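Structural characterization, general
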Amino acid sequence: MAKVYYEDSVQGDQLKDKKIAIIGYGSQGHAHSQNLRDTGHDVIIGIREGKSADAAREAGFDVFPVSEAVKQADVVMILAPDEIQGELYKNEIAPYLEAGNALAFGHGFNIHFDVIQPPADVDVFLVAPKGPGHLVRRTFEEGFAVPSLFAVEQDATGNARDIALAYTKGIGATRVGVLETTFKEETETDLFGEQAVLCGGTTALVQAGFETLVEAGYQPEIAYFEVLHELKLIVDLMYEGGMEKMRDSISNTAEYGDYVSGPRVVTAETKARMKDVLTDIQDGTFAKGFIEDNENGFEKFYGLRKEQQGHQIEAVGKELREMMPFVNNK
Ligand code: NDP
Ligand code: MG
Ligand code: MG
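Residues numbered from 1 in each chain as written. Chains lettered and ligands numbered in written order. Predicted model: local features only at pLDDT ≥ 70, side-chain atom pairs only at ≥ 80, totals over all residues. Heavy atoms only, no water.

What follows deals with the coordination of the magnesium ion (ligand 2). Of the protein atoms, only Asp 190 (OD) and Glu 194 (OE) coordinate the magnesium ion (ligand 2), at distances of 2.1 to 2.2 Å. Note that Asp 190 and Glu 194 are positioned in helix α8 (residues 183–198) at a spacing of 4 residues, about one turn of the helix. (Donors = N, O, S within 2.8 Å, 3.2 Å for Na, K, Ca; no water. Helix = DSSP H or I, 4+ residues; strand = E, 2+ residues; numbered from the N terminus.)

Set out below in structure tokens:
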């Protein structure tokens, strides 16, 4: 079993007396900075002017242009969108990094795919919470955390690993468990998980199920409840106790149907397609497409987003959720 790091595994505080600049104040940025401040660390925010900068000031942080924050900081954590990090690094970060600084990431994409090539005299590590930013903050306030990964790509000071571990402790992650990985493993498994299962796989499965019922003449509202709304309840049970707890909680009819019909939907062919998706991630095809589309003003990305927003399940869901105030739709 992989080694899991908890509070007691991290002795001392390698971030003490260091200034941490969080670059970006979005989903992950606001959570890292607030958690680190609450665990007693010196945090400043580096960001362009706009909504996020205002939010950071409102939360009481000192806010600077990215270059100024990098100049002041010992540890620079880049939590801007992956697709802009290359340009941001080149123009506003690299010129202001000093030997012995640490450059950190929330996801390994730009280091693993060679978009960013840091100088040899800085530490390079990642700390990747395995959950959305708002949960990184909310769970911290509730006294626990989101489990996180860390990895060291470059150890210039001899302390990179201890600094990375101190960072995981600073955001609260050692309260629940931290695992060590590599930039390659974190990047490839993160992309695969979100594409094949969590985001891409799930939305495609839900839409196909919805379309199958509606095309067969069933009411769209009922189809929505059966294939989307109830999904959360099922996933919650799997989260708490695995497939077994979920299957224990559903009816025998549902459990029998699970075994006989699940493999008819997700087949050996589906798994072969998953392997194709993984290959595209591993050989850089996916990253290249994403980067090129970004250079092209995200024409493909925004087109697909628009097309998906127009799906019938979205309109039906919006109406139904308005009648369900207990569904938190902020
Ligand atoms: P968001 O899109 O939520 O936030 C990005 C932040 O960067 C915003 O505050 C934005 O400010 C700022 N920003 C955008 N452009 C610039 C710029 N040119 N200069 C300075 N600041 C800028 O990003 P995420 O938190 O989703 O992602 C950040 C990183 O964390 C990524 O590497 C991602 O892969 C990783 N990650 C994300 C997770 C998540 O749950 N979202 C989970 C784990 C890792 P503005 O308001 O001005 O646009
Ligand atoms: Mg991701
Ligand atoms: Mg049912």
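Additional details are given in the paragraphs that follow.
So, about a nonpolar patch on the surface. A cluster of nonpolar side chains, Leu 205, Val 265 and Val 266, forms an exposed patch at the surface whose accessible area comes to about 270 Å². Within the secondary structure, Val 265 sits in helix α11 (residues 252–265). (Patch = residues over 30% accessible without salt bridge, like charges linked within 9 Å, V, L, I, M, F, W, Y side chains within 5 Å. Areas by Shrake-Rupley, 256 points an atom, 1.4 Å probe, with all protein chains shown as cover. Salt bridge = Lys/Arg side-chain N within 4 Å of Asp/Glu carboxyl O.)

What follows covers the environment of Asp 121. Positionally, Asp 121 belongs in the loop between α5 (109–112) and β7 (123–129). Residue class for Asp 121 comes out partly exposed when judged on its relative accessible area of 38%. Separated by 11 residues in the primary sequence, Asp 121 and Asn 110 place their C-alpha atoms 18 Å from one another. Beyond its immediate stretch of four places on either side in the chain, Asp 121 contacts Ala 99, Gly 100, Gln 154 and Ala 156. (Buried < 20%, exposed > 50% of the residue type's maximum accessible area, 1.4 Å probe, protein only. Contact = heavy atoms within 4.5 Å.)

Around ligand 1 lies a shell of 22 residues, among which Ser 27, Gln 28, Arg 48, Ser 52 and Asp 82 are the nearest. At 2.9 Å from an oxygen atom of ligand 1 is found a main-chain nitrogen or oxygen belonging to Tyr 25. Taking Ser 27, its main chain carries an N or O atom lying 2.9 Å from an oxygen atom of ligand 1. When isolated, ligand 1 has an accessible area of 900 Å², and the protein chains bury 74% of it. Of all elements in the fold, only α1 (27–38) and α4 (85–93) reach the threshold of two or more residues within the shell around ligand 1. A per-class count over the shell around ligand 1 returns 10 nonpolar, 10 polar and 2 charged. (Near = heavy atom within 4 Å. Polar contact = N/O pair within 3.5 Å; in protein donor to acceptor, adjacent residues only side chain to side chain. Nonpolar A, V, L, I, M, F, W, Y, C, P; charged D, E, K, R; others polar.)

What follows deals with the pattern of salt bridges. Any two side chains of opposite charge can pair, so long as their charged atoms come close to each other. Throughout the structure, instances matching the rule amount to 19 salt bridges. The partner of Arg 57 in a salt bridge is Glu 49, with the nearest N and O atoms 2.7 Å apart. For the salt bridge of Arg 137 with Glu 141, the shortest nitrogen-to-oxygen distance reads 3.6 Å. Placement of the pair is Arg 137 and Glu 141 together in helix α6 (residues 133–141), with a separation of 4 residues, close to one helical turn.

As summarised here, the arrangement of the 9 strands in space is β1-β9-β8-β7-β6-β5-β2-β3-β4, forming an open sheet in which the pairing is mixed. Each edge of the open sheet is held by one strand with a lone partner, namely β1 (4–5) and β4 (63–64). Strand direction decides the pairing type here: strand β2 (residues 19–23) and strand β3 (residues 42–46), joined by 5 bridges, are parallel. Of the residues in β3, the one forming a bridge with Lys 19 is Asp 42. (Pairing = 2+ DSSP bridges.)

It is common to give the size of an interface as the accessible area that goes away when the parts come together. Along its sequence, the protein chain is organised into domain 1 (4–182) and domain 2 (199–266 + 298–327). Of note, the centres of domain 1 and domain 2, computed from C-alpha atoms alone, are 35 Å apart. (Domains from an automatic or database assignment.)

With that settled, the discussion passes to the nonpolar core. Residues Leu 15, Ile 22, Leu 36, Ile 45, Phe 125 and Tyr 167 are the most contacted members of the largest nonpolar core, which totals 30 residues. A per-element tally of this core places helix α7 (residues 160–170) first, with 5 residues. In contact with Tyr 167, other than residues within four places in its own chain, are Leu 15, Ile 20, Ile 22, His 32, Leu 36, Met 77, Phe 125 and Val 127. Within the second largest apolar cluster, 24 residues are counted, among which are Ile 23, Ile 44, Ile 111 and Ala 128. (Core = buried A, V, L, I, M, F, W, Y, C linked by side-chain atoms within 4.5 Å.)

The next subject is the confidence of the model for the protein chain. Per-chain confidence: the protein chain averages 97 in pLDDT, with 99% of residues scoring 70 or above. Predicted as a complex, the structure gets a pTM of 0.96 and an ipTM equal to 0.98. (pLDDT = per-residue confidence, 0-100.)

Taken N-terminus to C-terminus, the directions of α8 and helix α9 (residues 200–215) make an angle of 5°; their axes are 3 Å apart at the nearest point. With respect to each other, α8 and α9 are oriented roughly parallel. Contact with α8, carried on its side by Glu 194, Gln 195, Ala 196, Val 197 and Leu 198, involves Gly 200, Gly 201 and Thr 202 of α9 and no other residues of that element. Taken together, the residues that form the contact of α8 with α9 break down as 3 nonpolar, 4 polar and 1 charged. (Axes fitted to C-alpha atoms, helices over the stretch in contact; angles between N-to-C directions. Parallel < 35°, antiparallel > 145°, perpendicular 65-115°, else oblique.)

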